[in-house]
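# Examining the three-dimensional arrangement
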Amino acid sequence: DGGITQSPKYLFRKEGQNVTLSCEQNLNHDAMYWYRQDPGQGLRLIYYSQIVNDFQKGDIAEGYSVSREKKESFPLTVTSAQKNPTAFYLCASSMYRTGGNEAFFGQGTRLTVV
Amino acid sequence: AQSVAQPEDQVNVAEGNPLTVKCTYSVSGNPYLFWYVQYPNRGLQFLLKYITGDNLVKGSYGFEAEFNKSQTSFHLKKPSALVSDSALYFCAVRENSGYALNFGKGTSLLVTP
């Protein structure tokens, strides 16, 4: 099956801990994205990557970090510097980062700070 | 800068009636426009997109959308709503030279039997 796999589905973090959310795609897409979803706020872009070993900050990158060592993988680390990390995190990919290429989404990871 | 507005937080419609979910956009160049649907605790599913050409775009599950350049709108429509259409709907835009999709805040659609 082709698609995007996010893991884990649910994640609990203690105050002061770093946690890493996994995102893997087998669609051979060049571009990958991380969005954060909060109730009533839609989706906000955290980071995006156009190619391997390259990534750019989105609108709310503070307190987050990413890597793109392989084309199919784009993990997101939520650091202790992120003041309010409880949210639903969505990973997406598209053939290219520009133009009319739609993005395909994973099933999301719900992160809760305990 | 690109932006999207979905003016209605919630839309209620009776099953069998037509539905419309509104979206307006702002871009500096030519827009690429998208509609997605999200069911509870799931990712977003692509419904349809406008790139160029015919202003009426048909998509998945009987949905369609009309691009109106003069009104900068891209409203989602369906002739006959189903209870199973109840979900959260997102409009998104990408500028011609843009990168990631910019999403609206979403509209919750409730279809009652």
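Here the structure is shown first, and the text comes after it.
These numbers were taken from a predicted model, which means no experiment stands behind them.

### With respect to the pattern of salt bridges
Residue and element names in this part refer to chain A.
- The full count for this structure, using the stated rule, is seven salt bridges over all chains.
- Residue D38 is joined to R36 by a salt bridge in which the shortest nitrogen-to-oxygen separation is 2.8 Å. Of the two residues, D38 and R36, neither departs from the other in class, the shared state being buried.
- In this structure, R44 and D38 form a salt bridge, with 2.8 Å as the shortest nitrogen-oxygen distance.
- The partly exposed category is assigned to R44, whose relative accessible area is 26%.
- Three or more residues joined by partner-sharing salt bridges are found here, namely R36, D38 and R44.

### A few points about the side chain of S49 of chain A
Residue and element names in this part refer to chain A.
- Its place among the elements puts S49 in strand β5 (residues 42-49).
- From its side chain, S49 meets the backbone oxygen of D54 in a polar contact 2.6 Å long.
- A polar side-chain atom of S49 sits 2.7 Å from a polar atom in the side chain of R68.
- Other than its neighbours up to four places away in sequence, S49 contacts D30, A31, M32, D54, F55, R68 and F74.

### So, the packing of aromatic side chains
- Enumeration according to the criterion identifies 14 aromatic pairs over all chains in this entry.
- Between Y33 of chain A and Y35 of chain A, the ring centres sit 6.4 Å apart and the planes meet at 35°, which makes this aromatic pair tilted.
- Owing to a relative accessible area of 1%, Y33 of chain A belongs among the buried residues under this scheme.
- Here Y35 of chain A falls in the buried class, since its relative accessible area comes to 2%.
- Pairing F105 of chain A with F103 of chain B gives two aromatic rings, centres 5.9 Å apart and planes at 75°, and the pair type is edge-to-face. Separated into two different chains, F105 of chain A in strand β10 (residues 104-105) and F103 of chain B in strand β11 (residues 102-103) make up a pair that spans both.
- Taking the relative accessible area as the measure of exposure, F105 of chain A reaches 9% and is therefore buried.

### Looking at the pairing of strand β11 (residues 109-113) of chain A
All names here are of chain A.
- Alternating residues of β11 divide into T109, L111 and V113, all buried, and R110 and T112, none buried.
- Note that strand β2 (residues 10-13) and β11 share four bridges and pair parallel. Among the inter-strand pairings, F12 is bridged to a residue of β11, identified as T112.
- Pairing of strand β9 (residues 87-94) with β11, which is carried by three bridges, proceeds in the antiparallel orientation. Residue Y89 lies in a different strand from β11, and its bridge partner there is T109.

### Side note on the sheet that holds strand β1 (residues 4-7) of chain A
Residues and elements named next belong to chain A.
- One open sheet holds the four strands; their spatial order is β1-β3-β8-β7, and the pairing between them is antiparallel. Among the strands making up the open sheet, the edge pair consists of β1 and β7 (64-66). The sheet shows a mean angle of 20° between the axes of neighbouring strands, direction not considered.

### Some thoughts on the interface of chain A and chain B
- Counting residues at the interface gives 25 residues for chain A, matched by 22 residues for chain B.
- Taken together, both faces of the contact between chain A and chain B bury some 1,900 Å²; the carbon and sulfur share is 52%.
- Remark: the boundary between chain A and chain B carries one salt bridge.
- Of the charged contacts in the structure, one is a salt bridge between K49 of chain B and E102 of chain A, with a shortest N-O distance of 2.6 Å.
- Between the two partners, chain A and chain B, sit eight residue pairs in polar contact (both at pLDDT 80 or more).
- Breaking the side of chain A that touches chain B down by element, the ones donating at least two residues are β4 (31-38), β5 and β9 of chain A.

What counts, and at which threshold
Residues numbered from 1 in each chain as written. Chains lettered and ligands numbered in written order. Predicted model: local features only at pLDDT ≥ 70, side-chain atom pairs only at ≥ 80, totals over all residues. Heavy atoms only, no water. Salt bridge = Lys/Arg side-chain N within 4 Å of Asp/Glu carboxyl O. Buried < 20%, exposed > 50% of the residue type's maximum accessible area, 1.4 Å probe, protein only. Helix = DSSP H or I, 4+ residues; strand = E, 2+ residues; numbered from the N terminus. Polar contact = N/O pair within 3.5 Å; in protein donor to acceptor, adjacent residues only side chain to side chain. Contact = heavy atoms within 4.5 Å. Phe/Tyr/Trp six-rings, centres within 6.5 Å; stacked < 30°, edge-to-face > 60°. Pairing = 2+ DSSP bridges. Axes fitted to C-alpha atoms, helices over the stretch in contact; angles between N-to-C directions. Buried area = accessible area lost by both parts, 1.4 Å probe.

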